[in-house]
Amino acid sequence: MSKEITARSQDYAQWYNDLVLKGGLADYSAVRGCMVIKPYGFALWENMRDELDRKFKETGHQNAYFPLFIPKSFLSKEAAHVEGFAKECAVVTHYRLKNDPETGGVVVDPEAKLEEELIVRPTSETIIWNTYKDWIQSYRDLPILVNQWANVVRWEMRTRLFLRTAEFLWQEGHTAHATAEEAVAETVQMLDVYADFVQNFMAVPVIKGVKSASERFAGAVDTYCIESLMQDGKALQTGTSHFLGQNFAKAFDVQFSNKENKLEYVWATSWGVSTRLVGALVMAHSDDDGLILPPRIAPLQVVIVPIYKGADQKAGIDAKVEGIVKELKALGIRVKYDDNDNNRPGWKFAEYEMKGVPVRIAIGARDIENNVAEIARRDTKTKSSVSLDGISGYIQNLLEEIQSAMFQKALDYHESHITKADSWEEFEKLLDEKGGFISAHWDGTAETEAAIKERTKATIRCIPLNNPQEDGICILSGKPSKERVLFARAY
């Protein structure tokens, strides 16, 4: 089956598409720019979603749901916000269809025009802060710690499965606070939650930082982010957390009486991750034979494949495997016994390799006689013969070993692809020949940032948190600089 996958070295973009399609994660849809998330891909997203949801609730957040449609006038209330999203908005103008006697089909009823157009949710700050105005009167009503799991629409012209689609799934947290300090602490806390999840569950290293003013979320005072490297040396933003200041509170007149009974505007945050994380997972770990998924969020952690001739051998293997499956499930391990006789063992091996199942167990009649089974690791493709005595405990430890090994491999790549550049020539050469993050001085101006992007397609991915201060000169303008920032070409 690996022959069906384009090699990374040949065409990285096509390799990625091949894995998403042939690994059973998603498919193209009849709607331009949208995708169908297949059951296997959705199971992966569910595991990611459930773990994140648990972390959100542990930090005091509650889930709610707000409308998909946003009155157009709401987006006009925060100037930077509407400017940031205006080109991506899908607009509902009518509310009814009617039969067309000429064609036999349906047409939009021109008499059913909405008095005010509705925007299909690109993000929910405006509708939520309009709602918060009714929820917040006093400091006793604060903080509000709300998260929403939803779909959003951003009308992208150039799309790629999971990474950039017109409609995608995500979560968006929206919190309200009495003080700026409390809101900033919330923003940083949620960035840490994302970093913990991406590193410890997705096995993908991150760099935490803040965006430059040009790269901030529309309407934010500060955007905190985590950035990760993919195997082609390009960066991918894997999470953002925004300190919104009082911008949306002022736009929607959300005030509260403080403890001194004086009116103040509320302080806000928003934060989110999306199904783009599935794309990050694919690109960070997989190889030319298929997906490689970290055990903690893999839809299926272990698959057992019987190898037999005749019903008698099959019955003996079934009896043995039944006990193993029960033991593994009792340990909370997601396991499948694939005794489907429509496909041969070799086909199954290739199928589960393509799908990135972390551990495969092959067991035959002779194995049972010898009290062993063959265990194959997807990440290293190594095989070993393991005693059936205590095999469930062995598998449990092996899954943790695989999780750690995957993170360490990604971390080694990540750390070896953070490179300093002290001249423009060195900067361009590193971008073209090595890739990854380039640590370089920048004069802090939007003009220089834009010029670098225009010349090289590289952007400032972030200014790392706790960034060391050092005197230097900007790689492009030659003007003084107090710190290095991280540049990269990105998705």
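Residues numbered from 1 in each chain as written. Predicted model: local features only at pLDDT ≥ 70, side-chain atom pairs only at ≥ 80, totals over all residues. Heavy atoms only, no water.

### A look at the pattern of salt bridges
Item 1. Scanning the model with the defined rule gives 32 salt bridges in all.
Item 2. E227 is paired through a salt bridge with K211; the nearest N and O atoms lie 2.8 Å apart. With E227 in strand β12 (residues 222-229) and K211 in the loop between β11 (207-210) and β12, this residue pair connects regions lying 16 residues apart in the sequence.
Item 3. Owing to a relative accessible area of 0%, E227 belongs among the buried residues under this scheme.
Item 4. When its relative accessible area of 4% is taken as the criterion, K211 is described as buried.
Item 5. If you follow the salt bridges from partner to partner, you end up with E51, R54, K55, E58 and D196 in one network. (Salt bridge = Lys/Arg side-chain N within 4 Å of Asp/Glu carboxyl O. Helix = DSSP H or I, 4+ residues; strand = E, 2+ residues; numbered from the N terminus. Buried < 20%, exposed > 50% of the residue type's maximum accessible area, 1.4 Å probe, protein only.)

### Describing the side chain of E125
Item 1. Inspection of the secondary structure assignment puts E125 in helix α5 (residues 125-135).
Item 2. The buried charged residue E125 lacks any salt bridge partner; its closest oppositely charged side chain belongs to R154, at an N-O distance of 6.6 Å.
Item 3. Within polar-contact distance, the side chain of E125 engages the side chain of S270 at 2.9 Å.
Item 4. The residues contacting E125, other than those within four sequence positions of it, are H81, H174, F217, L244, F248 and S270. (Lys, Arg positive; Asp, Glu negative; His and termini not counted. Polar contact = N/O pair within 3.5 Å; in protein donor to acceptor, adjacent residues only side chain to side chain. Contact = heavy atoms within 4.5 Å.)

### Quick word on the packing of aromatic side chains
Item 1. Applying the stated criterion across every chain, the model contains 16 aromatic pairs.
Item 2. On the basis of an interplanar angle of 80° and a centroid distance of 5.8 Å, the ring pair of F74 and F252 is categorised as edge-to-face. Linking F74 in helix α3 (residues 72-75) with F252 in the loop between α7 (247-251) and β14 (255-257), this pair joins segments that are 178 residues apart in sequence. Neither F74 nor F252 differs from the other in exposure class; each is buried.
Item 3. An angle of 10° between the planes, with centres 6.2 Å apart, marks the rings of F243 and W267 as stacked. Residue F243 is found in strand β13 (residues 235-245), and its partner W267 is found in strand β16 (residues 267-274); the two are separated by 24 residues along the sequence. (Phe/Tyr/Trp six-rings, centres within 6.5 Å; stacked < 30°, edge-to-face > 60°.)

### Section: the pairing of β13
Item 1. Most of β13 sits inside the fold, with 10 of its 11 residues counted as buried.
Item 2. Across eight bridges, the pairing between β12 and β13 is antiparallel. In the sheet register, E227 faces β13, and the bridge partner there is Q237.
Item 3. With antiparallel pairing between neighbouring strands as the criterion, β12 and β13 make up a hairpin whose turn holds five residues, including G233 at a positive phi of roughly 85°. (Pairing = 2+ DSSP bridges.)

### A look at the pairing of β12
Item 1. The buried fraction of β12 is high, at seven of eight residues.
Item 2. Relative to β12, β11 runs antiparallel, the two sharing four bridges. For G209, the partnering residue across the bridge sits in β12 and is C225.

### Considering the packing of helix α1 (residues 12-22) against helix α8 (residues 276-285)
Item 1. Two elements in contact, α1 and α8, have axes whose closest approach is 11 Å; the angle formed by their N-to-C orientations is 115°. For α1 against α8, the interelement crossing comes out right-handed. Where α1 approaches α8, its residues Y12, W15, Y16 and L19 are matched on the opposing element by G279, V282 and M283.
Item 2. Broken down by class, the residue content of the contact of α1 with α8 amounts to six nonpolar, one polar and no charged. (Axes fitted to C-alpha atoms, helices over the stretch in contact; angles between N-to-C directions. Left-handed = near helix turned anticlockwise from the far one by under 90°. Nonpolar A, V, L, I, M, F, W, Y, C, P; charged D, E, K, R; others polar.)

### A look at the environment of E115
Item 1. Counting through the fold element by element, E115 comes out in strand β8 (residues 113-120).
Item 2. Here E115 falls in the exposed class, since its relative accessible area comes to 86%.
Item 3. Each C-alpha atom of the pair E115 and T93 lies 8.5 Å from the other, and the pair is 22 residues apart in sequence.

### Quick look at the sheet that holds strand β4 (residues 69-71)
Item 1. Strand order in the open sheet made by the three strands is β4-β8-β5, with antiparallel pairing throughout. Edge strands, defined here as strands with exactly one partner in the open sheet, are β4 and β5 (90-94). Geometrically, the sheet is characterised by an average inter-axis angle of 40° between neighbouring strands, direction not taken into account.
Item 2. The pairing of β5 with β8 spans four bridges and is classified as antiparallel. Within β8, the position partnered with V91 by the bridge is I119.

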